[in-house]
Amino acid sequence: MQQLLETAEKIRTMEIRGAGRIAVAAATALRDYVRELQVSSLEEFEAKVLEAAAILVDTRPTAVSLPNAVMLTTRYDASTVEEAREQIIANADKFIERAKKALETIAQIGAKRLKDGDVVMTHCNSHAALAIIKAAHKQGKNIRVYTTESRPRRQGFITIRELNETGIQTTLIVDSAVRIFMKEVDVVIVGADSITANGALVNKIGTSQLALAAKEARVNFISAAETYKFHPMTVMGDMIEIEDRSADEVIDPKIIAELPNVKVRNPAFDVTPSEYIDLIVTEVGAFPPSMAFVVIRDYLGLELMEDMKETA
Ligand code: RUB
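Below, the structure is looked at part by part.

**With respect to empty space enclosed by the protein**
So, point 1. The full count for this structure, using the stated rule, is two cavities of 30 Å³ or more.
So, point 2. Quantified by volume, the largest cavity comes out at close to 230 Å³.
So, point 3. Elements that contribute at least two residues to the lining of the largest cavity include exactly α2 (19-36), α6 (127-138) and β6 (201-204).
So, point 4. With four residues, the single largest contributor to the lining of the largest cavity is α2.
So, point 5. Taken together, the residues that form the lining of the largest cavity break down as eight nonpolar, nine polar and eight charged.
So, point 6. The two domains that each donate at least three residues to the lining of the largest cavity are domain 1 (2-104 + 303-311) and domain 2 (105-301).
So, point 7. What the second largest cavity holds in volume is close to 50 Å³.
So, point 8. Here the residues of the lining of the second largest cavity are counted per class, giving five nonpolar, two polar and five charged.

**Focus on the site of the ligand**
So, point 1. Around the ligand sit 19 residues, and of these R17, G20, S126, H127 and K229 come closest.
So, point 2. One of the side-chain nitrogen or oxygen atoms of S126 is found 2.7 Å away from an oxygen atom of the ligand.
So, point 3. Separating an oxygen atom of the ligand from a side-chain N or O atom of N203 is a distance of 2.7 Å.
So, point 4. In isolation the ligand exposes 460 Å². Once the protein is present, 99% of that is buried.
So, point 5. When atom positions are compared with the pocket grids, the ligand is found to occupy the largest cavity.

Criteria and thresholds
Residues numbered from 1 in each chain as written. Predicted model: local features only at pLDDT ≥ 70, side-chain atom pairs only at ≥ 80, totals over all residues. Heavy atoms only, no water. 1 Å grid on protein atoms, 1.4 Å probe; cavity = no way out; pocket = protein on both sides within 12 Å on 5 of 7 lines; lining within 4 Å. Points joined across faces, edges and corners; volume = space filled by probe spheres on them. Helix = DSSP H or I, 4+ residues; strand = E, 2+ residues; numbered from the N terminus. Nonpolar A, V, L, I, M, F, W, Y, C, P; charged D, E, K, R; others polar. Domains from an automatic or database assignment. Near = heavy atom within 4 Å. Polar contact = N/O pair within 3.5 Å; in protein donor to acceptor, adjacent residues only side chain to side chain. Areas by Shrake-Rupley, 256 points an atom, 1.4 Å probe, with all protein chains shown as cover. Sits in = over half its atoms within 2 Å of the grid points.

Below, the structure is given as structure tokens:
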């Protein structure tokens, strides 16, 4: 359990972050946990697995990749502890492999949308979005990138390092400079924390501003999202919780303590409605956002929704 708790803490404190990485970390933690789990009955096994799953899911509320990964991993149909254990280990390995392959396929599909000489704008730090940019660069296309700082956690600093290592020419801008530079941009590519059944995108705070500026400038707006980032419960009308993070990430708490009339809000994500999204690149194809329900039905399965309802 110690190791699983450590992974949960790393997700909570954002040492492990990004929707894809937290999902893979959770599947890995569950696999390693059940491998060592000592129990005397299947009932006890089930209770321990449910407890571990809840600890991981409770770390961050917005990226559906996390509960999806946990649900897909902890499913089993077994009559003994050993059978259940084997199934969970196999599920976890399958999920980890699915995530890895998905990124590779998204990179190949998405890179087709980039032409030699294109200027891309990205936001925050998304492995899926960067996989597309890097694949196009690897194909010999000259791609330049505008990267936003992504206040308050400045994940843009991670992105510029990654792009710099690959040799891609990159310009760092503050979030409020998005509109000024949009006229030089050919395509915006961002990741996804969740995609709803009606094709709305939940991603790092500020994403919807990029989308708005892109629409105004008639620039294509693409989200790169593995199928496990689609949100099954939104089919039932559930709303996605937007994580509210600490004011300390925005301003020194000593300053705010001196300002009794001021409060700080720090939502970590926002919602971009489907009408601002031209394309969602998944590992099973590039679709308009109106196909979101089909992705949920055909590639996650509506039974995942039932599983989530039962454990809610
Ligand atoms: C990260 C973020 C990323 C998505 C997709 O937010 O919004 O755009 O998670 O990332 P945070 P990826 O830093 O708060 O986790 O494509 O790597 O899954």
